[in-house]
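# A structural walkthrough
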Amino acid sequence: MFDATTENAPGRTILFLNGPNLNLLGVREPDKYGSTTLREVEETVAKTLSAHGLTARFVQSNHEGVLVDAIHAARTECGAIVINPAAFTHTSVALRDAIAAAALPTIELHITNVHKREEFRHHSYISAVADAVIVGAGTHGYILAALHVAHLLVG
Ligand code: DQA
C-alpha cells in the first residue's frame, strides 16, 4: 500500500482497491486485460486525482480479508472507494457488506465487459452497494473512475 502524495486529508484520499490476480495486470491474459501494468495505471490515476486536489491510496491484494480491512480503514480515512474486486465480485458477500458498512461513494470497476463473458461473471455481489459501475473500458476505466470521483467530491 502507498499513498501517492503526502497530502492525507480523509475526504481527499481515494482508495483504489484491486482484488486477486490484478497484480499481474500487463502480463495476465493481455488479449483481455491489455498490456498496461497496475503500477502504470496507478501512476496515471495519481496524476489525474492530483489535478483535482485529490490523493490516491492504492491497495492490491489476493486475499479477501486484506481487502475487507482496507475498506474498513477507508471508512474513516478516505472520501471514496474505487474497487475492482476481480473474481471476488462474483463470490464475496463479505466485500459487499464491508462496502455497505463504509457508506462512502463507491465505484465498482471491471476492465473487461463482464456481461459479454461467461455467465458466472454476469452477477456481481458488489453492484447493489456501488454508486456507479464502469465495465469494459479497459484500464482507461480507472481514469474514468478517478474523474467521476473528482466530479462527485470536488465538482
Ligand atoms: C475483472 C472481471 C472478473 O470477472 C475477473 O475475475 C477479474 C477481472 C475485470 O476487471 O474485468 O479478475 O474484474
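Residues numbered from 1 in each chain as written. Predicted model: local features only at pLDDT ≥ 70, side-chain atom pairs only at ≥ 80, totals over all residues. Heavy atoms only, no water.

Under the UniProt annotation, "site: Transition state stabilizer" (unreviewed entry) lies at R28. By secondary structure assignment, the location of R28 is in the loop between strand 2 (13-18) and helix 1 (30-33). Classification of R28 as buried rests on a relative accessible area of 18%. (UniProt positions renumbered as here; feature names shortened; annotations may be inferred. Helix = DSSP H or I, 4+ residues; strand = E, 2+ residues; numbered from the N terminus. Buried < 20%, exposed > 50% of the residue type's maximum accessible area, 1.4 Å probe, protein only.)

Here the focus is helix 3 (residues 64-77). With 14 residues, helix 3 should reach 20 Å at 1.5 Å per residue; the first-to-last C-alpha distance of 20 Å fits that figure. Three or more residues of helix 3 are buried, namely L67, V68, A70, I71 and A74. Along helix 3, the residues classed as buried sweep out an arc of 160° about the axis, all on the same side. Turned more than 90 degrees away from the buried face of helix 3 sit D69 and T76, all of them exposed. For helix 3, the secondary structure elements touched by its buried residues are strand 2, strand 3 (55-60), strand 4 (80-84) and helix 4 (93-102). (Expected span 1.5 Å × (residues − 1). Arc of directions from axis to C-beta. Contact = heavy atoms within 4.5 Å.)

Right, let's talk about the site of the ligand for a bit. Looking at the ligand, the residues that line it are R28, Y33, N84, A86, A87, H90, H110, I111, T112, V114 and R121. Side-chain polar atom of N84 to an oxygen atom of the ligand: 2.8 Å apart, as the coordinates give it. With respect to the ligand, the side chain of H90 contributes an N or O atom lying 2.7 Å from an oxygen atom. In the complex, the protein chains occlude 98% of the 320 Å² of accessible area that the ligand would expose alone. Looking at side-chain class alone, the shell around the ligand contains five nonpolar, four polar and two charged residues. (Near = heavy atom within 4 Å. Polar contact = N/O pair within 3.5 Å; in protein donor to acceptor, adjacent residues only side chain to side chain. Areas by Shrake-Rupley, 256 points an atom, 1.4 Å probe, with all protein chains shown as cover. Nonpolar A, V, L, I, M, F, W, Y, C, P; charged D, E, K, R; others polar.)

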